[in-house]
Amino acid sequence: MPTKRDLARRLAIQEWTAAAAELKKLKERELALRFALIIAEFGAQQVDTAGTSSMTYEDKSALKVEVKRSAKVDQAKIEPAIAKLVEAAGDVGQLLADRLIAWKASASITELLKLKPEHAAMFDDVISIELGAPSLEYIPAK
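The numbers attached to residues start from 1 for each chain and follow its sequence in the written order. Selection of residues for local features in this predicted model requires a pLDDT of at least 70, selection of side-chain atom pairs for listing and counting requires 80 or more, and totals for whole chains, interfaces and linings are taken over all residues. Values reported for side chains reflect all heavy atoms of the structure, with hydrogen atoms and water molecules removed beforehand.

Residues Leu 115, Met 122, Phe 123 and Val 126 make up a contiguous nonpolar surface patch of roughly 400 Å² in combined accessible area. Mapped onto the elements, Leu 115 comes out in the loop between α3 (109-114) and α4 (117-120). A patch consists of residues exposed above 30% relative accessible area that lack any salt bridge, with like charges linked at up to 9 Å and nonpolar side chains (Val, Leu, Ile, Met, Phe, Trp, Tyr) linked at up to 5 Å. Here the open area of atoms and residues is found with the Shrake-Rupley method and a 1.4 Å probe, where only the protein chains shown may cover a residue. Put simply, a salt bridge is a Lys or Arg side-chain nitrogen that is within 4 Å of an Asp or Glu carboxyl oxygen. Segments assigned H or I by DSSP are reported as helices when at least four residues long, segments assigned E as strands when at least two residues long, and all are numbered from the N terminus.

Our focus in this paragraph is helix α2 (residues 75-100). With 26 residues, α2 extends just 14 Å between its outermost C-alpha atoms, more than 12% less than the 38 Å of an ideal straight helix rising 1.5 Å per residue. Partly exposed residues are those whose accessible area sits between 20% and 50% of the maximum for their type, while under 20% is buried and over 50% is exposed, using a 1.4 Å probe and protein chains only. Ile 78, Ile 82, Gly 93 and Ala 97 are the residues of α2 that are buried. Where α2 begins, the capping side chain belongs to Asp 74, and its oxygen is found 3.1 Å from the backbone nitrogen of Ala 76. In a helix, the anticipated span is given by 1.5 Å times the number of residues less one. A 3.5 Å cut-off defines polar contacts: any pair of N or O atoms within that distance qualifies, except that in protein one atom must be a possible hydrogen donor and the other a possible acceptor, and neighbouring residues in sequence count only when both atoms are side-chain atoms.

Strand pairing requires that DSSP identify at least two bridges connecting the strands. Here strand β1 (residues 51-56) pairs with strand β2 (residues 62-67) via 6 bridges, running antiparallel. Considered in β2, the bridge of Ser 53 is made with Val 65. What sits between β1 and β2 in their antiparallel hairpin is a turn of 5 residues, with Lys 60 showing a positive phi close to 75°.

Considering the arrangement of structural elements, one finds Thr 3 in the segment before α1 (4-42). With 61 residues separating them in the primary sequence, Thr 3 and Lys 64 have C-alpha atoms 54 Å apart.

To continue, consider α1. With 39 residues, α1 ought to run about 57 Å at 1.5 Å a step, and its terminal C-alpha atoms sit 55 Å apart, in line with that. The positive-phi residue at the C-terminal boundary of α1 is Gly 43, with phi of around 100°.

The subject of this paragraph is the pattern of salt bridges. Taken as a whole and assessed by the stated rule, the structure comprises 4 salt bridges. With its nearest N and O atoms 2.6 Å apart, the salt bridge here joins Arg 9 to Asp 6. One end of the pair, Arg 9, and the other, Asp 6, are both in helix α1, 3 residues apart, so they sit about a helical turn from each other. Assessed through its relative accessible area of 40%, Arg 9 is described here as partly exposed. According to the relative accessible area criterion, Asp 6 is partly exposed, its value standing at 22%. Note that Lys 114 and Glu 111 form a salt bridge whose closest N and O atoms lie 3.4 Å from each other. Of this pair, Lys 114 and Glu 111 both sit in helix α3, 3 residues apart, roughly one helical turn. Under the relative-accessibility criterion, Glu 111 is labelled partly exposed at 46%.

Right, here's the structure in full:
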């Protein structure tokens, strides 16, 4: 016979999995409604055009749509492409490459934790470590 704690845990898992499924459906619905509204009010071309547009209505309410661009860099191909630019344009090519590609510093927590404490302390003012939101997965019994 299940204990009260077992029943409470089962109920909490059921509520959480139901809420997660509902949230997924709501996100999908919100995205579909957003696209439909953008197309209806701004035209189909707006979803494929980077920039910001707004529309103000008679009651002074407004809709604002913003389409952002994002760039992804193929890490395996970037160095050869930069080398070609530098070869073709010399120092100017290097300046262009430096402006085109932003190299961002990132820290390896694993490597930081391997350092001797006195060495790790040198990065106390440089690297901050924060915990992210925990993930949770329900694995039903088979």
